[in-house]
Amino acid sequence: MIARPWNFSAGPSVLPEAVLTQAAQEMLDWHGSGMSVMEMSHRGSAFTQICDEAEADLRELLGIGDDYAVLFMQGGATAENAIVPLNLISRSGQPRADYVITGSWSSKSFKEAKKYGDVCIAASSESVWQDIGRQWNAFTWVPPVSDWQVRSDASYLHFCSNETIGGVEFTQWPSPVELDSPNVPLVVDASSHFLSRPIDFSHVGMLYAGAQKNAGPAGVTVVIVRRDLIGHALPICPSAFDYANVARERSRFNTPPTYAIYVAGLVFKWLLSLGGLESIEAKNKQKAEALYDFLDQSSFYQTPVHPAFRSRMNVPFFLPDPELDTTFLKGAMAAGLHQLKGHKTVGGMRASIYNAMTLQGVLALTDYLKSFEREHG
Ligand SMILES: *Cc1c(COP(=O)(O)O)cnc(C)c1O
């Protein structure tokens, strides 16, 4: 067994060891085919089985039926920021969509969408907020749904349900009853907490997630779109990105990222074997509580995010003095704790504790945090 470090990278990120082991065992010969999955035709029967099973397993995990298309696409969530408006912005007749801005990723989605139509901000946390007796900085909170202003003729309402950089998670997704415009479908960038908890799809029109955060290797983007929203692509939409084409060809309109789909499929099976999304959610809660509880009782470390919106997946925190950051990261590496440096736009530290990070890994981190505090506090 190779000693693997604890990998807290925000993405590409840690994968379940069982999945990597199986992929390694099947590398040269997938199920007696005499071939690696990488070498197979994307139209052959072996890959057809792999792709169909991945889709079926994902549907089972999420509990979604045939009213949604499940697509394996390319370009990551960044490309999807353009592919979404290209497909959906004219759905209501006018090229019009509304966006909720809660951090770097939703800001990027908004900027990209503006190229394709009349795009407005429905709500934003790009300002300070007074709540529970404290001031919260920009992008450390989520605007209350009652304050969102959604135009009734918007084609969709976009938000990022887990801001990977800021560590802000939408714990509750808005239901149409709370919004003035109940017929506007929700479009969600769920990249960094996809498959970390069950999702209530009843109000979701479309959801996308780059796999490399929590669902598999980089290269495949999972797109789930309600079938009644498909078929309104702008004439300029590249045909390989038109949901109608990709859905009709069951993700094989052109050559899909076959190996990434295969590994993501192994991750889906791993999640099913654990008991599905409720089970993994219970583990994720336990891990996040262990880390946040430690940070909360410490007067040395600070967490920037409003407690109601703390991400279970991405945990930013600060040392009392940025001068200590380099020493902290060096010591962490020596203790086998990798990739703890915060995003450059936020600074400080960030621990990403996705599905494949174990409680043992989180406890190794809190042990290190404790000893660092003892030494430098
Ligand atoms: C990582 C990330 C992206 C960008 O993903 P790419 O694969 O680099 O395009 C977009 N949104 C969120 C929430 C992310 O975490």
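If you're wondering where the values come from, they're calculated on a predicted model, not measured in any experiment.

1. Description of the side chain of Asn214
Locating Asn214 in the fold gives a position in the loop between β11 (204-210) and β12 (221-226). At 2.9 Å, the side chain of Asn214 forms a polar contact with the backbone nitrogen of Asn355.

2. Section: the domain arrangement of the chain
Assigned domains within the chain: domain 1 (25-274) and domain 2 (276-376). The C-alpha centroid of domain 2 is placed 27 Å from the C-alpha centroid of domain 1. When domain 1 packs against domain 2, the two sides together hide about 2,400 Å² of surface, and 58% of this comes from carbon and sulfur. Three residues, Ile165, Pro198 and Leu274, lead the burial of domain 1 against domain 2; their summed loss comes to 21% of the area buried on that side. In this structure, the connection of domain 1 to domain 2 is made through 14 residue pairs in polar contact (both at pLDDT 80 or more).

3. Concerning the site of the ligand
Contacts to the ligand come from Gly76, Ala77, Thr78, Trp105, Cys160, Asn162, Thr164, Asp189, Ser191, Ser192, Gln212 and Lys213. Here an oxygen atom of the ligand sits 2.5 Å away from a polar atom, N or O, in the side chain of Thr78. Contact distances for the ligand include 2.5 Å between an oxygen atom and a side-chain N or O atom of Lys213. Compared with its free state, where it exposes 390 Å², the ligand has 85% of that area covered by protein. Per-element tally for the shell around the ligand: the top contributor is helix α3 (residues 76-88), with three residues. Of the residues assigned to the shell around the ligand, the class counts are three nonpolar, seven polar and two charged.

Conventions used here
- Residues numbered from 1 in each chain as written.
- Predicted model: local features only at pLDDT ≥ 70, side-chain atom pairs only at ≥ 80, totals over all residues.
- Heavy atoms only, no water.
- Helix = DSSP H or I, 4+ residues; strand = E, 2+ residues; numbered from the N terminus.
- Polar contact = N/O pair within 3.5 Å; in protein donor to acceptor, adjacent residues only side chain to side chain.
- Domains from an automatic or database assignment.
- Buried area = accessible area lost by both parts, 1.4 Å probe.
- Near = heavy atom within 4 Å.
- Areas by Shrake-Rupley, 256 points an atom, 1.4 Å probe, with all protein chains shown as cover.
- Nonpolar A, V, L, I, M, F, W, Y, C, P; charged D, E, K, R; others polar.

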